[in-house]
Every structure is written in C-alpha cells, then in structure tokens.
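Coordinate inspection notes
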Amino acid sequence: MKKKNISVYLCYLLRHHPEAVSLDMDRHGWVDTAQLIDHVNAAGKYTLTLPQLKQIAAEDEKGRYRFNEDCSRIKACQGHSIPWVQPELTESEPPELLYHGTTVSAWQKIQKSGFISRQKRHAVHMQAEPEKAWQSARRWRRQEPVVLKIAAGRMSQDGIRFGVSDNGVWCTEQVDVKYICDVLCE
C-alpha cells in the first residue's frame, strides 16, 4: 500500500464522497473509524488497518485528519464539498496576513471575477505560513503555482468573519481582490 495513494483516497471519501463506500457521516464530517476501515477493505481498492490509519493521520503533512479522543471516530478537518457537512471551525481574529495557494490561470480568473470564491467547498482556505500555501499551490502539477498574500487583518476590520480549523487552516466565505496585497511567484 502506498501511503500517499491511500491518503488521497481517504480525502476523497472524507471530504467529497462518503457514499462511495457507504459511510455514515454526521453533519460535521465525523465517521466511525471501524466502519471506515471495514468499508475501505470491502471496496477492495486498498487494505487498511487501524495502525495504518493512525500513521497516515499522524504523518499527513497538512494535518488533514482528526480522531476523537478514543480514536473511535475520524474526520477531515476542512475542505469538504459535501453540501450538508458543516466543518467545525473556531471563529477567530486572523493574523494581519494570510496566504492562499493557487495557480496562474486561477489568479487570472480571480482578477476577472473580482474575488476568490470558495467554489464547491464551504470556504476559501488560507494559511498563516506562506510555505503551507505553496504546498497547496503546487498540488496542481501541470500548472504554474502562485501564492496570494491576503490582508486578512483589514478584512476583519471591515467586518468579514474568519474561522480556523483544527489543523490551522483559515476559512472565510470569499476574498475580494482589493484584499490581495501581493502575488508571490516561484
């Protein structure tokens, strides 16, 4: 089993398509750990054990997954495209600057539309550290990555609300281009 492949598959299930293996997901994205393992194994694409699942969650560079205290339930922290899932975010004042990883072609679309949209997800995702935003930007392998520097402090002063996920991803509904204060290129 390649950990990267199973991690991508877990993201697919826990963020976008729990129905693909008939997972019973609650409104915050939590699923029963035993059910996840059983259903992944029954689907036959991968073989998964609890120690493997714990290792994947612990080693995930973006900290995408969280277990509850006794590891009987697991969730993806944010990034859901499932309309009825309500990510558990802590409403907070953001740092002065946040960073959004994207691509040059997406940046051109953002300029035309006038804002960064949440697209099919629940929120626009931003990072407090530029390095993490670069990770997001580079995931689009065949496209040129860029990182947008966001004046989050100014957005907050203007009454725009932010939430932060368990793994430190900052979320808001959309970001108007007037709050983009720089475009970082590699």
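Above this note sits the structure.
Described below are features of the structure shown in this document. (Residues numbered from 1 in each chain as written. Predicted model: local features only at pLDDT ≥ 70, side-chain atom pairs only at ≥ 80, totals over all residues. Heavy atoms only, no water.)

Among the residues of helix α2 (residues 33-43), those classed as buried are Thr 33, Gln 35, Leu 36, Ile 37 and Val 40. You can read the cap of α2 off the contacts: a side-chain oxygen lies 3.1 Å from the backbone nitrogen of Ala 34, and it is on Asp 32. Where α2 terminates, the next one or two residues include Gly 44, which has phi positive at roughly 85°. (Buried < 20%, exposed > 50% of the residue type's maximum accessible area, 1.4 Å probe, protein only. Helix = DSSP H or I, 4+ residues; strand = E, 2+ residues; numbered from the N terminus. Polar contact = N/O pair within 3.5 Å; in protein donor to acceptor, adjacent residues only side chain to side chain.)

On to the sheet that holds strand β3 (residues 73-76). Judged by pairing direction, the sheet is antiparallel, and its three strands sit side by side in the order β1-β3-β2 without closing on themselves. Edge positions in the open sheet fall to β1 (31-32) and β2 (65-67), since each of these has one partner strand only. Alignment of β1 against β3, held across two bridges, turns out to be antiparallel. Following the sheet pairing, Asp 32 is matched in β3 by Arg 73. Strands in contact with helix α3 (residues 50-59) are β2 and β3; relative to β2, the strand with the most contacts, it is inclined by about 125°. (Pairing = 2+ DSSP bridges. Contact = heavy atoms within 4.5 Å. Axes fitted to C-alpha atoms, helices over the stretch in contact; angles between N-to-C directions.)

Moving on, we get to the pattern of salt bridges. If you walk through the whole model with that rule in mind, you get eight salt bridges. Across the pair Lys 75 and Glu 88 runs a salt bridge whose closest N-O atoms are separated by 2.7 Å. Here Lys 75, found in strand β3, pairs with Glu 88, found in the loop between β3 and β4 (90-91); they are 13 residues apart in sequence, far enough to count as distant. Judged by its relative accessible area of 1%, Lys 75 falls in the buried class. In this structure, Glu 173 engages Arg 118 in a salt bridge whose closest nitrogen and oxygen atoms are separated by 3.3 Å. In this pair, Glu 173 is assigned in the loop between β10 (170-172) and β11 (175-176) and Arg 118 in the loop between β6 (115-116) and β7 (124-126), connecting sequence segments 55 residues apart. With relative accessibility at 34%, the residue Arg 118 sits in the partly exposed group. Among the charged side chains, a network of salt bridges with common partners joins Lys 75, Glu 88 and Asp 166. (Salt bridge = Lys/Arg side-chain N within 4 Å of Asp/Glu carboxyl O.)

This part is about the pairing of strand β8 (residues 145-150). Counting buried residues along β8, five of its six residues qualify, which places the element largely inside the surrounding structure. Direction of pairing for β8 relative to strand β12 (residues 180-185): antiparallel, over a ladder of five bridges. Bridging across to β12, Val 146 finds its partner in Cys 185.

Among all residues except glycine, the phi angle is most often negative; among peptide bonds, the trans geometry is most common. Despite not being glycine, Ser 22 has its phi angle at roughly 55°, a positive value. Positive phi outside glycine occurs at Cys 71, with the angle close to 60°. Mapped onto the elements of the fold, Cys 71 is located in the loop between β2 and β3.

Let's shift gears to the side chain of Asp 60. With respect to the secondary-structure elements, Asp 60 resides in the loop between α3 and β2. Overall, Asp 60 belongs to the buried group, its relative accessible area being 11%. A polar contact of 2.9 Å, which involves the side chain of Asp 60, links it to the backbone nitrogen of Gly 63. Those residues in contact with Asp 60, other than ones at most four positions away along the chain, are Ser 7 and Tyr 65.

So, on to the side chain of Ser 7. Tracing the backbone shows Ser 7 in helix α1 (residues 3-16). Residue class for Ser 7 comes out buried when judged on its relative accessible area of 10%.

Structurally, the position occupied by Ala 20 is in the loop between α1 and β1. Judged by relative accessible area, which is 43%, Ala 20 ranks as partly exposed. Residues Ala 20 and His 125, spaced 105 residues apart in sequence, show a C-alpha to C-alpha distance of 25 Å. Sequence-distant contacts of Ala 20, defined by excluding residues within four places in its chain, comprise Tyr 12 and Leu 13.

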